[in-house]
Amino acid sequence: MYLLTQALLAEEFPSDTIESTRELLPLSWEELTVLDVSGLARQEQSVQNSPAAAFVITSEDIRRAGVTSLPEVLRMVPGMNVAKINAWNWAVSARGFNDLYANKLQVMIDGRSIYDPLVSGVYWGQQTPALQDIERIEVLRGPSGSLWGANAVNGTINIVTRSAQDTQGGLLSGGGGTEEQGFGGIRYGGKLSDATFLRGTLSGIHRDASIDLVGDQDTHDNGDTETGNFRLDSQLSEHDQLMLEGNVSRYRQHGYFIGVSSPTPPLWRQDDFGRDGITGSLQGSWKHLTDSGHHTDLNMSFTQTNWDLTTNNMSRSQGVLDFQHSLPSYDNHHLMWGLNYQIISDNFDNTLTLGFEPEKYTQHNVGVFLQDQIDLFEDWVLTLGNRVEHFTYTGWETEPNARLLWMPNKQHSLWAAVSRAVVLPNRAQHSIRLFKTIPGSNTFFEATANPDMLTENLLAYELGWRWQIASNLDIDTALFYNIYDRMQGTKFTGNVRTDPIYGNVLEATVGNYRHVESYGLEMSINYRVNHDWRLQASYSGNQFDAKYDANVSWFRDPDAEQHFNPQHRLSLRSLFNLTPEIELDAWGRFVDEIYVDRTSIPAYFTLDLRLGWHPHKDLELSFSGQNLLDNQHPEFSDILYIPVASQIQRGYVAQFSWRF
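One numbering rule holds for all chains: residues counted from 1, following each sequence as written. Per-residue local features are limited, in this predicted model, to residues with pLDDT of at least 70; the limit for side-chain atom pairs, both in listing and counting, is 80 or more; totals at the level of whole chains, interfaces and linings are taken over all residues. Here the side-chain values reflect all heavy atoms present in the structure, with hydrogen atoms and water set aside.

Draft legend 1. Quick look at the pairing of strand β29 (residues 473-499). We call two strands paired when DSSP finds no fewer than two bridges between them. Each helix is a run of DSSP H or I of at least 4 residues and each strand a run of E of at least 2, with the numbering of both proceeding from the N terminus. Across 13 bridges, the pairing between strand β28 (residues 456-470) and β29 is antiparallel. Each bridged residue has a counterpart across the sheet, and for L463 the counterpart in β29 is L479. Connecting β28 to the antiparallel partner β29 that follows it, the hairpin turn spans 2 residues. Note that β29 and strand β30 (residues 503-530) share 22 bridges and pair antiparallel. Counted as the bridge partner of Y481 is Y519 from β30.

Draft legend 2. Quick peek at the pattern of salt bridges. Salt bridges are counted wherever a side-chain nitrogen of Lys or Arg sits within 4 Å of a carboxyl oxygen of Asp or Glu. Evaluation of the coordinates by the stated rule reveals 45 salt bridges. The salt bridge involving R187 is made with D133; its shortest N-O contact spans 2.8 Å. A residue pair is termed long-range when its members are at least 10 positions apart, and R187 in strand β9 (residues 180-193) and D133 in the loop between β5 (112-113) and β6 (134-141) qualify at 54 residues. A single burial state applies to R187 and to D133, both of which are buried. One salt-bridge network, in which partners are shared between bridges, spans E60, R63, R64, E583, D585, R610 and E620. Only protein chains enter the accessibility calculation, which uses a 1.4 Å probe. A residue is then buried if its area is under 20% of the maximum for its type, exposed if over 50%, and partly exposed in between.

Draft legend 3. Quick look at the packing of aromatic side chains. By convention, a stacked pair of Phe, Tyr or Trp rings (six-membered ring in the case of Trp) has centres within 6.5 Å and planes under 30 degrees apart, an edge-to-face pair has planes over 60 apart, and any other such pair is tilted. Counted under the stated rule, the structure contains 23 aromatic pairs. For the pair Y513 and W554, a centre-to-centre distance of 5.9 Å together with 70 degrees between the ring planes defines the contact as edge-to-face. On the criterion of sequence distance, the pair formed by Y513 in strand β30 and W554 in the loop between β31 (533-547) and α9 (560-564) is long-range, its members being 41 residues apart. Put simply, the rings of F97, Y484 and F544 touch in pairs and so form one group of aromatic residues. Over the aromatic face of W587 sits the side chain of R573, whose NZ or CZ is 5.5 Å from the ring centroid. The cationic tip of R589 hangs over the ring face of W587; the distance from NZ or CZ to the ring centre is 4.8 Å. Should the NZ of a Lys or the CZ of an Arg lie within 6 Å of a ring centre and within 35 degrees of the ring normal, that charge is described as sitting over the ring.

Draft legend 4. Up close: a nonpolar patch on the surface. Taken together, the side chains of L172, I186, Y188, L202, W613, L621, F656, W658 and F660 make up a nonpolar region of the molecular surface, amounting to roughly 880 Å² of accessible area. Among the elements of the structure, β9 and β40 (651-659) are those that each provide at least two residues to the nonpolar patch. Its place among the elements puts L172 in strand β8 (residues 169-177). L172 gets classed as partly exposed once you look at its relative accessible area, which sits at 30%. Residues with no salt bridge and a relative accessible area higher than 30% make up the patches, which join like charges within 9 Å and nonpolar side chains (Val, Leu, Ile, Met, Phe, Trp, Tyr) within 5 Å. What sets the accessible areas is the Shrake-Rupley method with a 1.4 Å probe; for residues, cover comes only from the shown protein chains.

Draft legend 5. Examining unusual backbone geometry more closely. With an omega dihedral of 0 degrees, the bond running from E357 to P358 counts as a cis peptide bond. Counting through the fold element by element, P358 comes out in the loop between β20 (354-356) and β21 (360-377). Backbone geometry places R95, a non-glycine residue, at a positive phi of 55 degrees. Here R95 shows up in the loop between β3 (90-94) and β4 (105-109). Accessibility expressed as a relative area gives 1% for R95, which makes it buried. Backbone geometry at R486 places phi at a positive 55 degrees, although glycine is not the residue there. Position of R486 relative to the elements: it lies in strand β29. Taking the relative accessible area as the measure of exposure, R486 reaches 25% and is therefore partly exposed.

Draft legend 6. Spatial organisation of the environment of Q543. Along the chain, the position of Q543 falls in strand β31. On a C-alpha basis, the gap between Q543 and Q562 in space is 7.0 Å, while along the polypeptide they are 19 residues apart. We call two residues contacting when some pair of their heavy atoms lies within 4.5 Å. Excluding its chain neighbours within four sequence positions, the residues that come into contact with Q543 are E517, S518, Y519 and Q567. There is a polar contact of 3.1 Å between the side chain of Q543 and the side chain of Q567. Residues adjacent in sequence count toward polar contacts only when both atoms are side-chain atoms; beyond that, a polar contact is any pair of N or O atoms within 3.5 Å, and within protein one must be able to donate a hydrogen and the other to accept it.

Structure, rendered in structure tokens:
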């Protein structure tokens, strides 16, 4: 259905206009809800017929947000927690559990996972794709482990880039401002044959440093990244499609990180240590469709990451093979199965501050899944699925899933789901040795790994309702109740050793010590005032109940979920075409207060404004003001890894793009 919508649009607008202008603004509710989430559903599926909390960010949404990074784009998704820690580091999660290394959100680019197996999170500062190359971002809140495996627990994101065929010709873009001091890129796409297309993109960004909590000194977290990308798309035959994509990123990001210790005074030195690294990836996708209705997808990827820190150097290779087979419909059954294999091999150069034992290690993870979509009645669909995986760390795990969809008419779509998902222990939890001061004190601690760490388990109950109130007004609501068992926690063991240089050193270890329950509401509203004006509002509310041993001396707040995550979040976006050539967009947000690592982060309101001008169909100019309601404000803190907290400043940025 999504492809049909795009085909109809392409007939009305030239292809170069479709890529960048206001094609989605006047769409009806029916057209908006057929937007594609098949990259996450592993089959053709739209938002409307998805039995999950689905949300799609279109290329038009990205363009008119006036932002320059992926986390900023994700702020528009209901249920997403997005907080900027400093210039390059973000805390991004779904349905709570936010942290620098949030471990319950699976993130992919064209199906290739960028979830980091070292820390069970995403290094958002290292993910800098050209936003103009993104076709859409598919988001499913809630568990989807039966399809995507471990760590697809509270949400799954797939960033879908444009095909080479849709990005023919040249694109020059760039800009600068007070915080994003300079950025730009060039893209060119060509036709190799009637069925084969190739494009290449080069881009870079230089970012200014943030400001400290006092507000009079910067935090030395400026830096720059450069990214190169190519994509090839080929229709090999009537039944076969091939996609090849390569990406390489170089990043030099400064800032106060966990520091370095030495055997001579001052023992602990807080300084500008930063991160210097390079990440490269190569992936391929082959799709085969037979006349009888069998659909086969084969995806392979290889990622190499190397980075240097003062406290540690790392080299890691990661290979993934993913196979999927959809069978022809049989009676009222639609069967799909698949398997995947993952190999991760890393090597560390240890220091006194940070080390891993053993220094070299290889993981082998394998999984198989089966799903049956059953048409019970004309307007009832039941989906049953399960995934069984074997992990090097924990052995066998299973992730079953049951979802029911009821569509009584075009105005209503109701769904319910019960799912189990798991969070896989990471390399750090199994192998780390961290030696540093306790945040806010001069006392040293040594945190050691736990090779007996188990998976964290989630049992999730969800309800959803999509309602077209009128032809130009719709509402999407989701309720959830989650039960997390064997949650990780770090506690002091009670052992104290005396070091001749560092004095008394407290010992700490990580384990599966806690039980957490959460429930919440997510709601989004779309209102098309007229052909030239669209409003989008969202609300998210979360509550947590953590159970733990109060007699234990915990390293961090044992009530982290209740304190680290805002209970309420609001967003309101206005997209308005003043004239056919001039756009005026506004985005207001409210985020409730949080308390992180003994630091109170007050609630804040913020407002972004964007003015866009199209003097020619191939030229776009825009000027944006961000965080306009105050000079600066903090959004998050993680003093364990980033000992100097930052505030996010008001910023202004000018951008241009020219197609040739």
